[in-house]
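The residues making up each chain are set out below.
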Amino acid sequence: MMAAHTYGGVPVPYTVSWSAEEAFRVDRCPHANRMAICHEVAPGQGKPQFGKPHSQRQREAIADDLCDLCGRTLRNKTKVSLSHARPRANGAEGLAILQVEPLLHRQCAATSLRHCPSLKRDVAAGTVVIRQVNRHRVQFAIMSSEYVGTLVPGYQAKSEDRIAGHAKVELLRWVDRDAAWLLRTAEDRP
Ligand SMILES: [Zn+2]
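On a predicted model such as this, the values are computed, not experimentally measured, just so you know.

Visitor: How do you make sense of the overall build of the protein when you look at a structure like this?
Guide: Tallying secondary structure elements over the protein gives five helices and 12 strands in all. Scaling as 2.2 N^0.38, a compact globule of 190 residues should have a C-alpha radius of gyration of about 16 Å, and the protein matches this with 17 Å. By its C-alpha atoms, the protein is 55 × 45 × 30 Å across when sized along the principal axes. Within the protein, the proportion of its 190 residues that are buried is 38%. Restricting the contact set of the protein to residue pairs at least 6 apart, pairs at least 24 apart contribute 71%.

Encoded structure:
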């Protein structure tokens, strides 16, 4: 599977924002099903802003189970998490992980690892963990009016506003994996 865009020969994840998309507004987001912080929409225009996810595409990927890299469905596929997030106790449900990075196809996770130097470094250092995800669910962060005001000039906060920011994937069941597993299994399925 291929990324929707490449830049200088490097695959650009579906959820990455581009320099032509920098302006924010508050609008209804169909993925969060509420008012939300929204970016301009101009994927592929200007330069990719690696490390800065596009608000709507980040929520879309997580809410609709799309791959972070290629933007295609993850339904009935092996799902892989590449995340800095650590497991935390979650009451009766045991350990859970709350991450802002959308999940990936196994092959797309391998492609990301091959092309992204910072990811490669973080996996080697153990600060990014590779996980095969068996059960997960979706959450949306609700942002304070003050925060929304800093992003959207002229935004008039109302006390009843509950403006969504990013989506979060909550991992409920997973298996810890390593780079060798990721790269080996990806080769098995060209
Ligand atoms: Zn993919």
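Visitor: Can you walk me through helix α1 (residues 55-63) in this structure?
Guide: Counting along an α-helix, one turn takes 3.6 residues, and residues three or four places apart therefore face a common direction. Most of α1 sits out of view: eight of its nine residues are buried. Residues Ser-55, Gln-56, Arg-57, Gln-58, Arg-59, Glu-60, Ala-61 and Ile-62 constitute the buried set of α1. The positive-phi residue at the C-terminal boundary of α1 is Asp-65, with phi of around 60 degrees.

Visitor: Where do I start with the environment of Ala-23 in this structure?
Guide: Turning to its location among the elements, Ala-23 is positioned in the loop between β3 (16-18) and β4 (24-29). When the 12 C-beta atoms within 10 Å are taken as the criterion, Ala-23 is described as exposed.

Visitor: Just to check I follow, could you spell out the environment of Tyr-147 for this structure?
Guide: Residue position: Tyr-147 is located in helix α4 (residues 145-151). Note on Tyr-147: 14 C-beta atoms within 10 Å, which makes it partly exposed.

About the cut-offs
- Residues numbered from 1 in each chain as written.
- Predicted model: local features only at pLDDT ≥ 70, side-chain atom pairs only at ≥ 80, totals over all residues.
- Helix = DSSP H or I, 4+ residues; strand = E, 2+ residues; numbered from the N terminus.
- Rg over C-alpha atoms; globule rule 2.2 N^0.38 Å.
- Buried ≥ 20, exposed ≤ 12 C-beta atoms within 10 Å, placed from the backbone.
- Contact = placed C-beta atoms within 7 Å.

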